[in-house]
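# Tertiary structure, described
Chain residues, written in single-letter form:
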Amino acid sequence: MAKKQTPKRTIVGSPLTPSLLKELSAVDEFPETPKDFDPQAYWVNMYRIWTCHGFRESGNQNVGFLRIERTAGKANQPIILKVRQEVIQTDGLLHTLDAKIKCLNNQLASPVQWHLRSNFLDPNRQNIHDLGTDEIAVIDGNIINIRARGGHKFRREVRGLLTSDWCLFEAVQRLKFDKEPSLNFDMLEGLGLLKQGQCLSYSGAYPMKMGGKNVSLHRFDQLGDGILPYEYWLDNNLRLVAVTSMNKAYILDGQAEKTIKQRIEQLRKSYRKTKSSVRK
Amino acid sequence: MNKHAKPKQASHINRREFIKLSTSSVAVLAGGIPTGNVFASRKSRQPKPKNIVLIITDQQHIDTIAAGGCRHVRTPSLDKLKKSGVSFTQSYTANPLCSPARSAVFTGRTSSECGVHINGRPMRSDIPNMGQWFSQHTNYETFYAGKWHLPRTYTLDIPGFKVINTGIGGFGYLCDTVMSRACESFLRNRSKSKPFLLVASFMQPHDICEWLRLNMENPDGLRYPQLAGRLTELPSNFNFDNNEPKDVKNRRLRNDPFRGKSKWNKEHWRYYRWSYYRNIEHLDAEVGRVLQVLEDSGYIDDTLIAFISDHGEGMGHHQMVRKSSFYDEASRVPLLFSWPGHISENKTEAFHLVSGLDLMPTLCDYAGIKPPKNMRGRSLRQILEGNVLSWAHTVVTEVSSNTGRMVRTQRYKYITYKDDPVEQLFDMIDDPGETKNLATGSNYASTLTEHRRILKDWEARLDVAPNVPNTDAWWYKV
């Protein structure tokens, strides 16, 4: 009997960057940014969430998408962000997040009010009611007042300058490509978990080849408590084309939602098939 | 006990005196006392928590909690949990590898008995897991969220449990946050009248494994120059003794710091340690979400919380990374319990040696039921309620596809591998960093003999699963 071949697994060895994402076939080229792209106006950015197991050949997958839509009033009026995120789970479960966030028109798009819905769908696409939540939150000074589904009310204390991870996807497109100064703040990750002592700074421009062309991407680095460093990669037109942090990447990709919907359908089908064969 | 009554204060016993007194009892007790009798006499008189939450983390080094003295992390949630209950400092995994360690936690039987000598093996079907046992013998509804790994990392189908959430294999940062949200909503939305056992099993800080693969190559310089001066220092036992068993040497060389184009420099080792601590802080925030909802929803006073990691992390001690080693960094794990008003508060339990094997009998004890037959661990309830027990537990740990054994007694740690003449013996009081192997000197011949005998006696009691290899090792030949 032929000996079973162990699949080849080459260790990646170095941190994810846009060039490495291309080498690992996570991206071919980033969508071209329209010349009139204005980070301070209306826009929609769709990111594919891709994860890396640390090997070149296996274990790397598209696990979700993040869609951010920005609308803004006139100068100094609040920014409104609409966020939709879907993340695939094993055995055909799907987690969805929807948020509408009202942000200050400051450097970090600090959130002041939001409506967040979190839901889980089972392999039959049914909403799992017990696992859903619906929260409305308002920040009043250093206090976040939260009202959740079922009449629950909570208060959380924050301090100093605050933003959230999704707000940073917006804010970073409005920052200057200057080494100084860096920004210091606390971050409310997923509008729920407080990560203190964050610092965002411009790292520089990095030349790389994309789609046969030489391009230059600008990088901001975020370091702080409770996170592995985040690297925000922007093109010359100020559009955020990728975010990398340790083993995950958000890759600008207009087709991301479609890709993920196809993948979750395959997983659901596969899970249902396994279940039905077990029953037989 | 009255709900808010203070637990009995522990009487103070000098550690060295106790060791002298209990030297002989160690060997006797390693032979085992049938645990069932103990429970039968106490069962009905003990108060019972309405709910039980078991939090499991993956690859958490024991010294990673700020309130426990770690000055490299900010862990407000784990600090709070630690201060609200009892934390063990002499707590060992039953096997420093994911699946085998988990099999012991969920059954109270050794990994070799469960048939889970390596990752990705299913548990023997004639040994009940915690979910099955609780479903059959208690009125607790049993729920599971997160990593399972027996054998599949994540699955919707775990015998004895209703699975509320799975995850994505290998990606703790993404799936833990989804999992803690699932637990949060579940606890908020659930009717409070029904008691439950909920397992919340986090993947973090296991993401350090992906970090190692994505940072295997020694970089030219610091990727983030702003970290200069802020990196975590190297541990005092960074260097290692060359007289180690082959398995240990090989494991070190197979790991990322020695596999790249060049060996890691000290700065890169320090950056790795800094990164691991950030994963711990991520974990802390996710655990915090679960603890917060227990508090917000009023569960906290009626809920026993148990917290354990499956195994530890090398963290550069002895220049080891990851797991599968008997050095304390990989084999000693955090173990915390909290139940306000019922178990001691803000107590660091540094005397009793305990193991992941003790979790199942402890939770059964609190649930007011007998554990399944042939538990290899013991209930820790009396210790948690402030008593110093007259027994000194011996911990035996397995590793490396059933080829390695560690025996930890009050003073010593003994390590042996199949077909390897190199044994290790460390004095854990005088040399907690495990830097001087005493097994080579004739002064410790009788200590070695005693530990070999403890191991043989322990092994003689086990009912090793038929699929487990390497049962021709010396300790099986009784």
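Predicted model, so just to flag it, every value in this text is computed and none were measured. (Residues numbered from 1 in each chain as written. Chains lettered and ligands numbered in written order. Predicted model: local features only at pLDDT ≥ 70, side-chain atom pairs only at ≥ 80, totals over all residues.)

### A word on the overall build of chain A
A count of helical and extended segments in chain A gives three helices and 15 strands. Relative to the globule expectation of 19 Å for 280 residues, the C-alpha radius of gyration of chain A, 20 Å, shows essentially globular dimensions. Projecting the C-alpha coordinates of chain A onto the three principal axes gives extents of approximately 70 × 55 × 35 Å. Taken across its 280 residues, chain A has 42% of its residues classed as buried. (Helix = DSSP H or I, 4+ residues; strand = E, 2+ residues; numbered from the N terminus. Rg over C-alpha atoms; globule rule 2.2 N^0.38 Å. Buried ≥ 20, exposed ≤ 12 C-beta atoms within 10 Å, placed from the backbone.)

### Re the overall build of chain B
Helix and strand counts for chain B come out as 14 helices and 14 strands. Within chain B, the fraction of its 478 residues that count as buried is 55%. Expressed as a percentage of contacts within chain B between residues at least 6 apart in sequence, the contacts between residues at least 24 apart total 71%. (Contact = placed C-beta atoms within 7 Å.)

### As for the nonpolar core
Grouped together as the largest cluster of nonpolar side chains are 192 residues, with contacts concentrated most on I251(A) and A200(B). Element by element, the count of residues in this core is highest for helix α10 (residues 266-296) of chain B, at 12 residues. Setting aside chain neighbours within four positions, we find I251(A) in contact with L21(A), A26(A), V27(A), Y47(A), R48(A), W50(A) and A242(A). (Core = buried A, V, L, I, M, F, W, Y, C linked by C-beta atoms within 7 Å.)

### Focus: the interface of chain A and chain B
Each partner contributes residues to the interface: chain A has 46 residues there, and chain B has 43 residues. Of all the secondary structure elements, the ones that give two or more residues to the side of chain A that touches chain B are β3 (79-88), β5 (111-121), β8 (152-157), β11 (193-210) and β12 (213-223) of chain A. Sort the elements by how many residues they give to the side of chain A that touches chain B and β11(A) lands first, with four residues.

### Observations regarding the packing of helix α7 (residues 172-189) of chain B against α10(B)
Residue and element names in this part refer to chain B. It is at 9 Å that the axes of α7 and α10 come closest, and there the two elements cross at 5°. Considering the angle they form, α7 stands roughly parallel to α10. Contacts between α7 and α10 involve Y173, D176, T177, S180, C183, E184, L187 and R188 on the former and, on the latter, H282, L283, E286, R289, V290, V293 and L294. (Axes fitted to C-alpha atoms, helices over the stretch in contact; angles between N-to-C directions. Parallel < 35°, antiparallel > 145°, perpendicular 65-115°, else oblique.)

### Focus: the packing of helix α3 (residues 76-83) of chain B against α10(B)
All names here are of chain B. Two elements in contact, α3 and α10, have axes whose closest approach is 7 Å; the angle formed by their N-to-C orientations is 55°. Considering their axes alone, α3 and α10 lie oblique with respect to each other. Note on element contacts: α10 touches α3 through D284, A285, V287, G288 and L291, opposite P76, S77, L78, K80 and L81. Across the contact of α3 with α10, the residue classes break down as six nonpolar, two polar and two charged. (Nonpolar A, V, L, I, M, F, W, Y, C, P; charged D, E, K, R; others polar.)

### Here's the deal with the sheet that holds strand β9 (residues 347-349) of chain B
Residues and elements named next belong to chain B. The eight strands lie next to each other as β5-β4-β6-β1-β7-β8-β2-β9, forming an open sheet whose pairing is mixed. Both edges of this open sheet fall to β5 (162-165) and β9, since each of them pairs with a single strand only. Between one strand and the next, the sheet's axes are offset by a mean angle of 15°, whatever the strand orientation. Here six bridges tie strand β4 (residues 141-146) to strand β6 (residues 196-201), and the two strands are oriented parallel to one another. Among the inter-strand pairings, G146 is bridged to a residue of β6, identified as S201. In the packing of α3 onto the sheet, contacts are made with β2 (85-88), β7 (303-309) and β8 (335-338), and the angle to β8 comes to roughly 65°. (Pairing = 2+ DSSP bridges.)

### Some thoughts on unusual backbone geometry
Note the cis peptide between E180(A) and P181(A), where omega equals -10°. Looking at where P181(A) falls in the secondary structure, it is placed in the loop between α2 (165-171) and β10 (183-189). The omega angle of the peptide bond from Q204(B) to P205(B) is 0°, so this bond is cis rather than trans. Mapped onto the elements of the fold, P205(B) is located in the loop between β6 and α8 (208-214).

### Notes on helix α12 (residues 359-367) of chain B
Residue and element names in this part refer to chain B. Of all nine residues that make up α12, nine are buried, and the element is covered over most of its length. Within the sequence span of α12, burial applies to L359, M360, P361, T362, L363, C364, D365, Y366 and A367. Looking one or two residues past α12, G368 carries a phi angle of roughly 80°, positive in sign.

### Here's the deal with the pairing of strand β11 (residues 395-399) of chain B
Residues and elements named next belong to chain B. Taken across its five residues, β11 has five buried, putting it largely inside the fold. Side chains of β11 alternate between two faces, with V395, T397 and V399 and V396 and E398 buried alike. Inspection of the sheet shows β11 paired to strand β12 (residues 404-408) by five bridges, in the antiparallel sense. For V396, the partnering residue across the bridge sits in β12 and is V407. The turn linking β11 back onto β12 is made up of four residues, and S400 within it adopts a positive phi angle of 50°.

### Here's the deal with the sheet that holds strand β13 (residues 412-417) of chain B
Residue and element names in this part refer to chain B. If you trace the four strands from one edge of the open sheet to the other, you get β11-β12-β13-β14, paired in antiparallel fashion. The sheet terminates laterally at β11 and β14 (424-427), the two strands that pair on one side only. Neighbour to neighbour, the strand axes of the sheet diverge by 15° on average, direction disregarded. Two strands pair when backbone bridges link them, and β12 and β13 are joined in this way by five bridges, in the antiparallel orientation.

### As for the environment of F426(B)
Residue and element names in this part refer to chain B. Relative to the helices and strands, F426 is located in strand β14. Residue F426 is classed as buried on the basis of its 24 C-beta neighbours within 10 Å. Residues F426 and D328, spaced 98 residues apart in sequence, show a C-alpha to C-alpha distance of 11 Å.

### Examining the environment of R71(B)
Counting through the fold element by element, R71(B) comes out in the loop between β1 (51-57) and α3. A count of 7 C-beta atoms within 10 Å places R71(B) in the exposed class.

### Description of α10(B)
Residue and element names in this part refer to chain B. Look at α10: 45 Å from first C-alpha to last across 31 residues, which is about the 45 Å you get at 1.5 Å a residue. Most of α10 sits inside the fold, with 25 of its 31 residues counted as buried. Positive phi shows up at G298, right after α10, with a value of about 80°. (Expected span 1.5 Å × (residues − 1).)

### Let's talk about the confidence of the model for chain B
Detail in the predicted coordinates should be disregarded across regions flagged by low pLDDT. Residues and elements named next belong to chain B. With 90% of its residues at a pLDDT of 70 or more, chain B shows a mean pLDDT of 90. Confidence drops under a pLDDT of 50 for residues 1-43, and excluding neighbours within four residues, the segment shows 50 contacts in the predicted structure. Scoring of the predicted complex yields 0.93 for pTM and 0.96 for ipTM. (pLDDT = per-residue confidence, 0-100.)

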